[in-house]
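Structural characterization, general
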Amino acid sequence: MEIVITETPEVAAILAADIVERALTTIATPVLGLATGTTPLATYRELISRHVESGLSFVAARVFLLDEYVGLPRDHPAAFRQVIAREFTDHIDLPMTGLHSPDGPAADIAGAANDYERALADVGGVDVQILGIGSDGHIGFNEPSSSLGSRTRLKTLTSKTRIDNARFFDDDIDQVPHHCLTQGIATILEARHIVLLAFGESKACPLTRAVEGPITAMVPASALQLHPHVTVLVDEAAATELSYADYYRETFENKPHWQTF
Ligand code: GLP
């Protein structure tokens, strides 16, 4: 994997936005996979400013979310589809029909899971997938013990994940759903380019386990070690436990000028 350690999250966000911009300007109908949470927000803000100030267009793009809570009303402010619209897609020229998310409110969750897999297949899969990482090493809502061969399906959230996400529910854990509909690990690994973002000391441990530890279902993000094109963008605080940090820095500093991410 290509691991890049940046001074600040803002520098990493610019590099992530560069990767997305390249997909938007070189692929006829680019498919972007988006993560929720706080980590990718700086990247989304950077992309919004490039749209507003430089005319970067998303009109041909399609967006697919990683996951959605089960049991939340569609208009709940913490529903991931609402969050992504509020924080990102309402501010760019993505067509109304361009935003896709797992149908968490559906009565038939298994059917909704299959529908989502089919929707991803119908557009030919994801070109660039933005990922964050949970404090327990999850990607999407694939909690520890998730099969590394899993597809979109219902998952039960761990109490740690519910605690981590209570911040989006007025800090009231009782409001946080117990279940979600999430792309599976195998589904995520089908993206052609994955950009994993991690910032802050709370991500140092899960990030190190993900990129330098053994491949294990107990650290779902470690499955990324099997993917042929992963760019890991981390700030100094999230890099503190990396054993090969000096090598990653040297590699990036000596990156051939013609080599893109
Ligand atoms: C949730 C989301 C993940 C996200 C994670 C970390 O679990 N389902 O996609 O990566 O939170 O969120 P944050 O970036 O706010 O730390």
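Structure shown above.
This text gives an overview of the structure that appears in the document. Treat the numbers as computed from the prediction; the structure is a model and nothing was measured.

Thresholds applied
Residues numbered from 1 in each chain as written. Predicted model: local features only at pLDDT ≥ 70, side-chain atom pairs only at ≥ 80, totals over all residues. Heavy atoms only, no water. Helix = DSSP H or I, 4+ residues; strand = E, 2+ residues; numbered from the N terminus. Rg over C-alpha atoms; globule rule 2.2 N^0.38 Å. Buried < 20%, exposed > 50% of the residue type's maximum accessible area, 1.4 Å probe, protein only. Contact = heavy atoms within 4.5 Å. Lys, Arg positive; Asp, Glu negative; His and termini not counted. Charge placed at Lys NZ, Arg CZ, Asp CG, Glu CD. Near = heavy atom within 4 Å. Polar contact = N/O pair within 3.5 Å; in protein donor to acceptor, adjacent residues only side chain to side chain. Areas by Shrake-Rupley, 256 points an atom, 1.4 Å probe, with all protein chains shown as cover. Nonpolar A, V, L, I, M, F, W, Y, C, P; charged D, E, K, R; others polar. Phe/Tyr/Trp six-rings, centres within 6.5 Å; stacked < 30°, edge-to-face > 60°. Core = buried A, V, L, I, M, F, W, Y, C linked by side-chain atoms within 4.5 Å. Pairing = 2+ DSSP bridges.

Here the focus is the overall build of the protein chain. Secondary structure summary: the protein chain contains eight helices and 10 strands in total. In terms of overall size, the protein chain behaves like a compact globule, its C-alpha atoms giving a radius of gyration of 17 Å where 261 residues would be expected to give roughly 18 Å. Seen along its three principal axes, the alpha-carbon backbone of the protein chain occupies a region of about 55 × 40 × 35 Å. The buried share of the protein chain, taken over its 261 residues, is 55%. Here the analysis covers contacts within the protein chain between residues at least 6 apart in sequence; of these, 78% occur between residues at least 24 apart. The distance from the centre of the 19 positive side-chain charges to the centre of the 35 negative ones in the protein chain is 5 Å.

Take Ala 186: it is sitting in helix H6 (residues 185–189). In this view, Ala 186 contacts Leu 148, Gly 149, Ser 150 and Arg 151; residues no more than four positions away in its chain are not counted.

The immediate surroundings of the ligand are formed by 14 residues, with Thr 38, Thr 39, Asp 67, His 138 and Lys 203 found nearest. Note that an oxygen atom of the ligand is positioned 2.7 Å from one of the backbone N or O atoms of Thr 38. At 2.7 Å from a nitrogen atom of the ligand is found a side-chain nitrogen or oxygen belonging to Asp 67. Compared with its free state, where it exposes 390 Å², the ligand has 94% of that area covered by protein. Its residues assigned to classes, the shell around the ligand comprises three nonpolar, eight polar and three charged.

Given two aromatic rings, their pairing is described by the distance between the two centres and the angle made by the two planes. On inspection of all chains with the given rule, the structure shows nine aromatic pairs. Between the aromatic rings of Phe 64 and Tyr 116, the centroid separation amounts to 5.8 Å while the plane-to-plane angle is 55 degrees, which identifies the pairing as tilted. Of this pair, Phe 64 sits in strand E3 (residues 62–65) while Tyr 116 is found in helix H4 (residues 109–122), placing the two residues 52 residues apart along the sequence. The exposure classification of Phe 64 matches that of Tyr 116, with both residues buried. Every member of this aromatic cluster is reached through a ring pair, and the members are Tyr 69, Phe 80, Phe 141 and Phe 169.

This part is about the nonpolar core. With 76 residues, the main nonpolar core has Leu 34, Phe 58 and Leu 242 as its most contacted residues. With eight residues, helix H1 (residues 9–26) is the largest single contributor of residues to this core. Every residue in contact with Leu 34, bar those within four places of it in the chain, is listed here: Tyr 44, Val 63, Phe 64, Leu 65, Leu 66, Ile 84, Phe 88, Gln 129 and Ile 130. Listed in part, the six residues of the second largest apolar core include Val 70, Ala 106, Ala 112 and Ala 113.

Okay, the pairing of strand E8 (residues 179–182) next. In this sheet, E8 lies alongside strand E4 (residues 67–69) in antiparallel orientation, the contact comprising three bridges. Following the sheet pairing, Asp 67 is matched in E8 by Thr 182. When strand E7 (residues 153–156) meets E8, the two strands line up antiparallel, connected through four bridges. Looking at E8, one finds that Leu 154 is bridged to Leu 181.

This part is about the environment of Ala 78. Examined against the element boundaries, Ala 78 turns out to sit in the loop between E4 and helix H3 (80–87). Sequence spacing of Ala 78 and Val 234 is 156 residues, and the spatial spacing of their C-alpha atoms is 26 Å. Setting aside its immediate chain neighbours within four residues, Ala 78 contacts Tyr 69, Leu 72, Val 83, Phe 168 and Phe 169.

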